[in-house]
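Working through the structure, step by step
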Amino acid sequence: VVISWVIRYRPISDDFSFNGAGDADNPFSISAWINMDDATRFRIANKYNGTNQNEYIFTVGGSDQLTINLFDNNEGGRIGRKYNTALTSYQGQWIHVVCTYDATRVSSGIKLYLNGTRVDDTDNNSGSYTKMRNTSQHFLIAQQAGSYANGKISNASIWNTELKSAQVSELYNQGLPGNSHSAYSNLISWWQLGENSSFDGNDWIVADEKGTNNGTSVSMPVGALVNGVGTTANGLSSGMSEGNLVGDAPYS
């Protein structure tokens, strides 16, 4: 049994960029487990402040639709994809969401996955888009331009590659982006949002399991960090006595 935790809001410094040289983007993917008390405007992850520091948003929008938008902060336009079906029926349960981008600078290079299955079916473009422009905006989990996720988030991760469908399924089935994942070398940061966190008396300090992008919560009391999603498998042992089962595996 793998046990993780959840956190409601956490900013991370501007440590990663997916803006390539010249008129180019770099590929990336974002993965998270979410449990929405209210799906409307459930903020997953982004670098976006709504004014002049906009790069990308991964969110459940105002119509409860899973959406990923990439912004050209110079041109004022965007490319994006969304799942044109409300996620309202998924409220109150853990689901796995992933967005991927292949850096082709067109909306057809963007994909969305829900519980291991690709679901994006609608473009969400506006204006002119050449590339994402790197800004000083912090990377945020569960908050977007002052709007917060109402619910829980667990095991958020960010990758410097477009995860393929089989790799998304692999991540969904494993539950965690551990070192056995086939794209582990492309994993930039993984925030378990759990037992490896520490409370400094004012905020939660959340460790990055892969990189050095540790995060800090804002206005979260000590009791706000609670048990989240993990990976469990049901089954029966064979020939094992009571003393054979021990709980010393990581996160067990």
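**Remarks on the sheet that holds strand S8 (residues 94-101)**
Pairing is antiparallel in the open sheet, where 6 strands are placed in the order S10-S9-S8-S3-S15-S16. Two strands close off the open sheet at either side, each with one partner strand: strand S10 (117-118) and strand S16 (187-191). With 5 bridges joining them, S8 and strand S9 (residues 110-114) adopt antiparallel strand pairing. Following the sheet pairing, Cys 99 is matched in S9 by Leu 112. In the packing of helix H1 (residues 165-174) onto the sheet, contacts are made with strand S3 (28-38), S8, S9 and strand S15 (150-159), and the angle to S8 comes to roughly 155°.

**Notes on the sheet that holds strand S17 (residues 198-199)**
The antiparallel open sheet is built from 3 strands, whose spatial order is S17-S18-S19. What marks the edges here is a single partner per strand, and that holds for S17 and strand S19 (215-216).

**Topic: the pairing of strand S5 (residues 54-60)**
Most of S5 is tucked away, with 7 of its 7 residues classed as buried. Sheet topology places strand S4 (residues 42-48) next to S5; 6 bridges connect them, and they run antiparallel. Each bridged residue has a counterpart across the sheet, and for Tyr 48 the counterpart in S5 is Asn 54. Between S4 and S5, which follow one another and run antiparallel, lie 5 residues, and Gly 50 among them has a positive phi close to 85°.

**Side note on the nonpolar core**
Membership of the largest hydrophobic core comes to 44 residues, with the highest contact counts inside it found for Ile 34, Ile 44, Tyr 56, Phe 58, Leu 66 and Leu 70. Every residue in contact with Ile 44, bar those within four places of it in the chain, is listed here: Ala 32, Ile 34, Phe 58, Thr 59, Val 60, Leu 66, Val 97, Leu 140, Ile 141, Ala 142 and Ile 153. Counting 10 residues, the second-largest nonpolar core is a separate cluster that includes Tyr 113, Trp 159, Leu 163 and Leu 171.

**Things to note about the side chain of Ser 107**
With respect to the secondary-structure elements, Ser 107 resides in the loop between S8 and S9. A polar contact is formed between the side chain of Ser 107 and the side chain of Asn 125, at a distance of 3.4 Å. Every residue in contact with Ser 107, bar those within four places of it in the chain, is listed here: Ile 79, Gly 80, Arg 81, Asp 123 and Asn 125.

Cut-offs applied
Residues numbered from 1 in each chain as written. Predicted model: local features only at pLDDT ≥ 70, side-chain atom pairs only at ≥ 80, totals over all residues. Heavy atoms only, no water. Pairing = 2+ DSSP bridges. Helix = DSSP H or I, 4+ residues; strand = E, 2+ residues; numbered from the N terminus. Contact = heavy atoms within 4.5 Å. Axes fitted to C-alpha atoms, helices over the stretch in contact; angles between N-to-C directions. Buried < 20%, exposed > 50% of the residue type's maximum accessible area, 1.4 Å probe, protein only. Core = buried A, V, L, I, M, F, W, Y, C linked by side-chain atoms within 4.5 Å. Polar contact = N/O pair within 3.5 Å; in protein donor to acceptor, adjacent residues only side chain to side chain.

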